[in-house]
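Structural overview for review
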Amino acid sequence: MKKEKKYTIIKNIIELFMLATLYYFMNAAGTVKYLLAIGLSVLFLFLGRKKQWSLEVLFIVAFPAAVYIFVGSINALINTCIPTTTIKEIIYWFVPILLTFSLYTYYGKDMVRVVDLEFFAAIIAYFATYYWSLFRYWEMESVFAFVFGAFLIYYLYQKRWIFSILSAVLVYMCVKKIAFLAVAAAVMVMLFVFLTKKSKIVVLTLWGMFISGIYYYLYLLDSGILKSVLYGFGNYANGRFTMYDRFREMYEVSALYIGRGLGYVVNILESWNIPTYANLHNDLLKFYIETGFWGILLFLISYGVVFYISERSFDSSKMCLLFSMTIYSMVLYMTDNVSIYMLYLVPVYSIFFAVLNSESNDKKGKIYAEKNHS
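Residues numbered from 1 in each chain as written. Predicted model: local features only at pLDDT ≥ 70, side-chain atom pairs only at ≥ 80, totals over all residues. Heavy atoms only, no water.

1. Focus on the overall build of the protein chain
A count of helices and strands for the protein chain gives 16 helices and 0 strands. For 374 residues, the compact-globule estimate of 2.2 N^0.38 gives 21 Å, and the C-alpha radius of gyration of the protein chain, at 21 Å, lies within 12% of that figure. By its C-alpha atoms, the protein chain is 70 × 50 × 40 Å across when sized along the principal axes. Residues classed as buried in the protein chain amount to 53% of the 374 residues present. Within the protein chain, residue pairs in contact and separated by at least 24 positions form 81% of the contacts whose partners lie at least 6 positions apart. Counting only carbon and sulfur atoms, one obtains 68% of the accessible surface of the protein chain, whose full area is about 17,700 Å². (Helix = DSSP H or I, 4+ residues; strand = E, 2+ residues; numbered from the N terminus. Rg over C-alpha atoms; globule rule 2.2 N^0.38 Å. Buried < 20%, exposed > 50% of the residue type's maximum accessible area, 1.4 Å probe, protein only. Contact = heavy atoms within 4.5 Å. Areas by Shrake-Rupley, 256 points an atom, 1.4 Å probe, with all protein chains shown as cover.)

Structure, rendered in structure tokens:
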């Protein structure tokens, strides 16, 4: 028993060190993080090659990203414009899924423990990166806010209160206002859905309303109304609207707009070469510009498909977590470019794999578990 306990401790330390290194590099610029992620993916795919995994789980996690890549690529072909940024965008979306899937194939149900290790790895990476400011001010603005926000939603869902409090403190330390708003929206939605007995009809109805809200948000951006309202309150959004305005002639909120193609926005930004705006800082607007009126609709509907399948094949609680986490991401997409942050996507996808493979409390989930993990 002592040897087994010692082996477990050593194993956890090695895995924590590996994940902390990964999270540290995922927060840095450059290609090293992608090479490291691909290397780890190959390793864990090899180690888990003989283990059982579920195609349905992979579908639920990867389907929306696959739809976005497909629609964006088709639009790029239609516009006869496939810049190198198109390939970059595919890599940004594909590698985080590949890495987390490889972890899932190897760890299976143990992904719950892996997510906990990722949480502590993120803490280590955050302090290792910003220690010079943290020990002086106990706060440092960072995209880690989005990471800790995802963990906060996950731990609230699990009712692990100490981890939830720690996550909330870390979100506060990272000083990102949109992260607070996104967490609040996700938690309110989760509570509402749980109060309505985790109804699939309620979730799909709310998602339909949210999709309509996204189109209205895009209209407010295009018309300049949102800019006027925020400017009237003295909120200049760190100059974001100046950049949004430069794109207004390149799209229109209309059913006739087909989209410019995957990678178009980044390609334009690179040609402008504005140091403070290497990204648009608005993923929803970027999605719309690249995939068009109907393309972004297909992308958003794909999440509804995910919610439907997760409830049908697993259980309603897991559907609620996926739904609330999606709301969280969409709110972040309104003012930032987290869709390309591997630092954000890896923990989110890891949480999805962990939740879908965790023990279920209802009959439907138990039937699935017996079928796929016997």
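2. Re the packing of aromatic side chains
For the structure on display, the rule yields 45 aromatic pairs. Ring centres 6.2 Å apart and planes at 80° place the aromatic pair Trp 93 and Phe 299 in the edge-to-face group. A residue pair is termed long-range when its members are at least 10 positions apart, and Trp 93 in helix α4 (residues 84–107) and Phe 299 in helix α13 (residues 283–313) qualify at 206 residues. Across the pair, exposure class does not vary: Trp 93 and Phe 299 are buried alike. When the centroid spacing of 5.1 Å and the interplanar angle of 55° are considered together, the rings of Tyr 154 and Tyr 155 count as tilted. (Phe/Tyr/Trp six-rings, centres within 6.5 Å; stacked < 30°, edge-to-face > 60°.)

3. Let's talk about the packing of helix α12 (residues 264–272) against α13
Two elements in contact, α12 and α13, have axes separated by 8 Å at closest approach and are oriented at 110°. One finds that α12 runs roughly perpendicular with respect to α13. Along its contact with α12, which presents Tyr 264, Val 265 and Val 266, the element α13 presents Lys 286, Ile 289 and Glu 290. (Axes fitted to C-alpha atoms, helices over the stretch in contact; angles between N-to-C directions. Parallel < 35°, antiparallel > 145°, perpendicular 65-115°, else oblique.)

4. Quick notes on the packing of α4 against helix α5 (residues 111–137)
Taken N-terminus to C-terminus, the directions of α4 and α5 make an angle of 130°; their axes are 9 Å apart at the nearest point. Here α4 is positioned oblique relative to α5, judged by the angle of their axes. In contact with Leu 103, Tyr 104 and Tyr 107 of α4, α5 contributes Met 111, Arg 113, Val 114 and Glu 118.

5. Some thoughts on the layout of surface pockets
Within this model, the largest pocket holds a volume of roughly 800 Å³. Taken together, 27 residues form the lining of the largest pocket, with Ile 178, Ala 237, Asn 238, Arg 240 and Thr 335 sitting closest to its centre. Counting residues per element, the ones that place at least two in the lining of the largest pocket are α8 (177–195), α9 (200–223), α10 (225–232) and α11 (240–247). A breakdown of the residues in the lining of the largest pocket according to their chemical character gives 16 nonpolar, 6 polar and 5 charged. (1 Å grid on protein atoms, 1.4 Å probe; cavity = no way out; pocket = protein on both sides within 12 Å on 5 of 7 lines; lining within 4 Å. Points joined across faces, edges and corners; volume = space filled by probe spheres on them. Nonpolar A, V, L, I, M, F, W, Y, C, P; charged D, E, K, R; others polar.)

6. What about α13?
For α13, with 31 residues, the first-to-last C-alpha span of 30 Å runs short of the 45 Å given by 1.5 Å per residue. Along α13, the sharpest change in direction is near 115° and occurs at Gly 292. Sitting at the head of α13, Asn 282 places a side-chain oxygen 3.4 Å from the backbone nitrogen of Leu 284. (Expected span 1.5 Å × (residues − 1). Bend = angle between axes of the 7 residues up to and from the residue. Polar contact = N/O pair within 3.5 Å; in protein donor to acceptor, adjacent residues only side chain to side chain.)

7. Quick notes on empty space enclosed by the protein
Think of a ball as big as a water molecule: rolled over the atoms, this probe shows where empty space is left. Taken as a whole, this structure holds 3 cavities of 30 Å³ or more when the rule is applied. As a volume, the largest cavity reaches approximately 220 Å³. As for the largest cavity, its lining consists of 20 residues, and the residues nearest its centre are Tyr 303, Tyr 333, Val 348, Tyr 349 and Phe 352. Going through the elements one at a time, α3 (55–78), α13, α14 (316–333) and α15 (342–356) are the ones with two or more residues in the lining of the largest cavity. Take the lining of the largest cavity: its biggest share by element is 6 residues, from α14. For the lining of the largest cavity, a count of residues per class yields 17 nonpolar, 3 polar and no charged.

8. Regarding the nonpolar core
In terms of nonpolar packing, the biggest core is built from 128 residues, with Tyr 23, Phe 144, Phe 148, Phe 151, Phe 247 and Tyr 328 touching the most fellow members. Residue contributions to this core peak at 14 residues, all from α13. Every residue in contact with Phe 247, bar those within four places of it in the chain, is listed here: Val 265, Ile 268, Leu 269, Trp 272, Leu 280 and Ile 289. (Core = buried A, V, L, I, M, F, W, Y, C linked by side-chain atoms within 4.5 Å.)

9. Concerning the pattern of salt bridges
One pass over the structure, following the stated rule, counts 10 salt bridges. Arg 312 is the partner of Glu 56 in a salt bridge, and the nearest nitrogen-oxygen pair spans 3.5 Å. Taken together, the residues Glu 56 in helix α3 and Arg 312 in helix α13 connect sequence positions 256 residues apart. Overall, Arg 312 belongs to the partly exposed group, its relative accessible area being 43%. With its nearest N and O atoms 3.3 Å apart, the salt bridge here joins Lys 200 to Glu 311. Here Lys 200, found in helix α9, pairs with Glu 311, found in helix α13; they are 111 residues apart in sequence, far enough to count as distant. Taking the relative accessible area as the measure of exposure, Glu 311 reaches 14% and is therefore buried. Members of the salt-bridge network, linked through shared partners, are Glu 15, Asp 110 and Arg 113. (Salt bridge = Lys/Arg side-chain N within 4 Å of Asp/Glu carboxyl O.)

10. Focus on the side chain of Thr 105
Tracing the sequence through the fold places Thr 105 in helix α4. Relative accessible area serves as the criterion here: at 3%, Thr 105 is assigned to the buried category. What Thr 105 contacts, discounting residues up to four positions off in sequence, is Phe 44, Leu 45, Gly 48, Lys 51 and Trp 53.

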